[in-house]
Amino acid sequence: MLRIPCPFCGERDHSEFSYGGDGSIKYPPLDAPIGEWHEAVFQRKNIRGMQFETWQHLNGCRMWLIVERDTMSHEIRSVRPAHPGMAKALEGET
Amino acid sequence: MTRFSAWNVFKYGLAGQMGWQRQWRDPEPKPEYDVVIVGAGLHGLATACYLAKNHGLKNIAVLEKGWLGSGNAGRNTTIVRSNYMMPGNREFYEHALKLWENLSHDLNYNVMFSQRAHISLLHSPAAKDAAARRYNTMRLTGSDGELWDLETLKRNVPLLDYSQGARFPIIGAAVQKRAGTARHDAVAWGYARAADQLGVDIIQNCEVTSTTRKNGQIVSLETSRGSIGAKKVGFAVSGNSSRLWNMAGFQTLPIESHKLQAFVTEPLKPMLDQVVVFGVGGAHFYISQSNKGGMVFGGDLDWYKSYAQRGNLPIIQDVAECAMSILPCLGRVRLLRHWSGVVDMSMDGSPFICKTPLDNLYLNAGWNYGGFKASPASGWYFADLIANDRPHPIIANYNLNRFERGVNIDERGAGPDPKLHG
């Protein structure tokens, strides 16, 4: 079981979360050429090692998170809210 | 090499089983080969075997970082079926099943292929309609498939939960009788032995660490056992395809690596004669009984990307719950072992057997859940591709640009999310 420290709820079992996917994808503008969309939707670096990925705390606060995790050792290095406004709000709190 | 035959088994039986030879050599790598296949799993070994056998090529090597068959060849649930419907998959998997049917004779090695039938349970009228469409498609394209009503199913598989209070009442089943199971290790060993007899060098403990390229071609592979020159190179390393792809100088593939678990219980007396598959809503479960009596079963992926060959606990619970939903008689049976393999999950659940931007590099990857059953045909068509430098029409769309062209082969209709193509 992975344990993910949710910035809103604290550390929880990963079974409370739903895995999104590669968190490093930047979606191009809607009118970008097809090749750029093809890259964003279908092509993956598929890193073995530290990567950014999205998780949703589905059975918790339901927030989307960016998790920095090692895909070989499963070590989690950092977790932050995916929404930049939320991230700022959290920073303001402390 | 001594052939396996009834006479030889008898003869060496009388001689205390002495006199059998090594099944394959352990050669030192030569400085250069005409074809180098990376990955001595089922796909790589089958490819090498058919390159020599079907295309008469000599001077072939298969490189393996561990021992042959040490990856997903030994980490599956050994199910063989061809109940695929999409054009592209349909013919391919049917050809694989036909190769399975004669594989033991073909390789002179008993792969213990047992055509015990593959039974997909149906739980709703909608599922029945979808199965009718799929299995009719199979029948119309030269395969076998039938729908069973509840009575036929009860007669054939009596131990399922047919009670009134069942959580998921069963209303029938879709059945492919020619499907079944095979002995996974024997397939790897059989292909290795056959390839070795045809002169293929299988080089184990030889990890590829980088490639040397010149003028859009791979010149040599740098390995833990030195530099090995290659006129043509084939990658067949599902699970780690992206890593090898990086070593060939490329960035991205339409693939994510996920792990898939499987389980075996303590041995039981014969109780299940077929492969039974249960899938409804979020549940996903497949089970068969091995020749040693263990119940072999599996379920979903672990739901997050990983290269670690170890499974997580929530899936063990999921799978156990599925087992109890359809086979409550397993309730007090103990798990003996569980294992996890790293699989290439592709963006549409279908594989790649294709040319690459490098002239002499060929790719075999993206096998999702389907690598074991596919291996004979995968080797067959990958060998054909490497020998003739053009894809056979059957694998015409198993290439890397099918997404850009909008010809996804998405059997489940799950969309471009690799983890959903289970």
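See the structure shown above.
Here the structure is a predicted model, which is why all the values come from computation and not from measurement.

Calculation criteria
Residues numbered from 1 in each chain as written. Chains lettered and ligands numbered in written order. Predicted model: local features only at pLDDT ≥ 70, side-chain atom pairs only at ≥ 80, totals over all residues. Heavy atoms only, no water. Helix = DSSP H or I, 4+ residues; strand = E, 2+ residues; numbered from the N terminus. Contact = heavy atoms within 4.5 Å. Polar contact = N/O pair within 3.5 Å; in protein donor to acceptor, adjacent residues only side chain to side chain. Buried area = accessible area lost by both parts, 1.4 Å probe. Salt bridge = Lys/Arg side-chain N within 4 Å of Asp/Glu carboxyl O. 1 Å grid on protein atoms, 1.4 Å probe; cavity = no way out; pocket = protein on both sides within 12 Å on 5 of 7 lines; lining within 4 Å. Points joined across faces, edges and corners; volume = space filled by probe spheres on them. Nonpolar A, V, L, I, M, F, W, Y, C, P; charged D, E, K, R; others polar.

A. Quick look at the environment of Lys 259 of chain B. As for its placement among the helices and strands, Lys 259 of chain B is situated in strand β12 (residues 255-265). Residues Lys 259 of chain B and Trp 339 of chain B, spaced 80 residues apart in sequence, show a C-alpha to C-alpha distance of 9.8 Å. Once residues lying within four places of it in the same chain are set aside, the contact partners of Lys 259 of chain B are His 74 of chain A together with Leu 301, Asp 302, Tyr 304, Ser 306, Ala 308, Arg 310, Gly 311, Asn 312, Ser 340, Gly 341 and Val 342 of chain B. Within the structure, the side chain of Lys 259 of chain B is placed 2.5 Å from the side chain of Asp 302 of chain B, a separation counted as a polar contact. Among the polar contacts made by the side chain of Lys 259 of chain B, one reaches the side chain of Tyr 304 of chain B at a distance of 3.3 Å.

B. Structural view of the interface of chain A and chain B. The interface of chain A with chain B comprises 25 residues on the first partner and 27 residues on the second. Counting each side, the surface lost to burial between chain A and chain B is near 2300 Å², with a carbon and sulfur contribution of 52%. At the boundary of chain A and chain B, one finds one salt bridge. Between chain A and chain B we count 16 residue pairs in polar contact (both at pLDDT 80 or more) in total.

C. Up close: the layout of surface pockets. Residues and elements named next belong to chain B. Of the pockets and cavities examined, the second largest pocket occupies roughly 700 Å³. Looking at the second largest pocket, it is lined by 34 residues, and the ones nearest its centre are Arg 183, His 184, Ser 290, Lys 292 and Arg 337. Ranked by residues supplied to the lining of the second largest pocket, first place goes to helix α7 (residues 184-197) with four residues. Residue composition of the lining of the second largest pocket, by class: 12 nonpolar, 15 polar and seven charged.

Treat this as a map of the structure, not an account of what it does.
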